[in-house]
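Working through the structure, step by step
So you can see what is in the structure, the chains are spelled out below.
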Amino acid sequence: MARRRKSQKQILTPDPKFDSELVAKMIHYVMKRGKKSVAERIVYGALEEIGAKTKQDPIETLIRAVDNIKPRVEVRSRRVGGGTYQVPVDVSRERQLALALRWLIQYSSARKGVAMSKALAQELMDAFANQGNAVRKKEDTHKMAQANKAFAHYAW
């Protein structure tokens with residue numbers, strides 16, 4: 001058991017433009033080397049492009065896209081005896097959101113030859129339609145957990 005005190009969660013202030021904590025969290029995930037204004041430009045540009053293309057509320061599209069990416073279960077390595085097993089475990093809400101945003105940014109930046117705001121908008125629209133690389137990553141994670149369901153009794 002840990003003897004130190006638990007770290008306290010910092011309160012996230014919503015972004016000024018959309019007044020959304022999800023957008024603020026996404027800006028933080030996009031940000032590199034403390035360049036927040038660049039990250040804001042990327043995220044706001046992506047949301048504006050989504051709004052222009054879909055003629056819907058971009059925040060609603062963002063929420064639905066992130067929900068389509070969130071993994072429900074994942075596998076964790078557990079060493080038992082001489083072997084290492086991939087044990088499926090449920091994912092907490094905070095980690096679901098963290099993984100979804102991480103995968104979204106990762107696969108957006110992997111789209112070469114496209115500006116990051118456009119790549120992020122494309123990946124969000126793909127995720128909204130239950131397609132794209134981030135959704136495929138979630139499905140692969142679920143398949144891995146399903147394949148290793150036999151080792152679920154090692155979860156503790």
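Preceding this section is the structure that the text describes.
This text gives an overview of the structure that appears in the document.

Parameters and conventions
Residues numbered from 1 in each chain as written. Predicted model: local features only at pLDDT ≥ 70, side-chain atom pairs only at ≥ 80, totals over all residues. Heavy atoms only, no water. Helix = DSSP H or I, 4+ residues; strand = E, 2+ residues; numbered from the N terminus. Expected span 1.5 Å × (residues − 1). Buried < 20%, exposed > 50% of the residue type's maximum accessible area, 1.4 Å probe, protein only. Contact = heavy atoms within 4.5 Å. Lys, Arg positive; Asp, Glu negative; His and termini not counted. Salt bridge = Lys/Arg side-chain N within 4 Å of Asp/Glu carboxyl O. Polar contact = N/O pair within 3.5 Å; in protein donor to acceptor, adjacent residues only side chain to side chain. Phe/Tyr/Trp six-rings, centres within 6.5 Å; stacked < 30°, edge-to-face > 60°. Core = buried A, V, L, I, M, F, W, Y, C linked by side-chain atoms within 4.5 Å. Pairing = 2+ DSSP bridges. Patch = residues over 30% accessible without salt bridge, like charges linked within 9 Å, V, L, I, M, F, W, Y side chains within 5 Å. Areas by Shrake-Rupley, 256 points an atom, 1.4 Å probe, with all protein chains shown as cover. Charge placed at Lys NZ, Arg CZ, Asp CG, Glu CD.

The terminal C-alpha atoms of helix α2 (residues 36–54), which comprises 19 residues, lie 27 Å apart, in line with the 27 Å expected from a rise of 1.5 Å per residue. Three or more residues of α2 are buried, namely A39, I42, V43, Y44, A46, L47, E49, I50 and G51. Lining the buried residues of α2 we find α1 (21–30), α3 (58–69) and α5 (116–128). Just past α2, the residue K55 takes up positive phi, approximately 60 degrees.

In this structure, D15 sits in the segment before α1. Of the side chains with opposite charge, K17 lies nearest to the buried D15, which makes no salt bridge, at 7.8 Å. Polar side-chain contacts of D15 include one of 3.4 Å to the backbone nitrogen of K17. If sequence neighbours within four positions are ignored, D15 has contacts with S20, V23, A24, I27 and Y44.

If you walk through the whole model with that rule in mind, you get two aromatic pairs. Between F18 and Y44, the aromatic rings sit 5.8 Å apart at their centres with planes inclined by 55 degrees, giving tilted as the arrangement. Of this pair, F18 sits in the segment before α1 while Y44 sits in helix α2; the two residues are 26 residues apart in sequence, bridging distant segments of the chain.

Moving on: the nonpolar core. Counting residues in each nonpolar core, the largest one holds 33 residues, and the members touching the most others are V23, M26, V43, L62, I69, L120 and L124. Counting residues per element, this core draws most heavily on helix α4 (residues 93–109), at eight residues. Setting aside chain neighbours within four positions, we find I69 in contact with A100, W103, L104, A127, A134, V135 and K138.

In this sheet, strand β2 (residues 83–90) lies alongside strand β1 (residues 73–80) in antiparallel orientation, the contact comprising eight bridges. Bridged to R79 within β2 is T84. The hairpin turn running from β1 into β2, its antiparallel successor, is two residues long, and G81 in that turn takes a positive phi close to 65 degrees.

A word on the pattern of salt bridges. Taken as a whole, this structure holds eight salt bridges when the rule is applied. Of the charged contacts in the structure, one is a salt bridge between K118 and E49, with a shortest N-O distance of 3.7 Å. Of this pair, K118 sits in helix α5 while E49 sits in helix α2, and the two are 69 residues apart along the sequence. Through salt bridges with shared partners, one network takes in E49, K53 and K118.

A cluster of basic residues, K32, R33, K35 and K112, forms a positive patch on the protein surface. As for its placement among the helices and strands, K112 is situated in the loop between α4 and α5. Note on K112: relative accessible area 71%, which makes it exposed.

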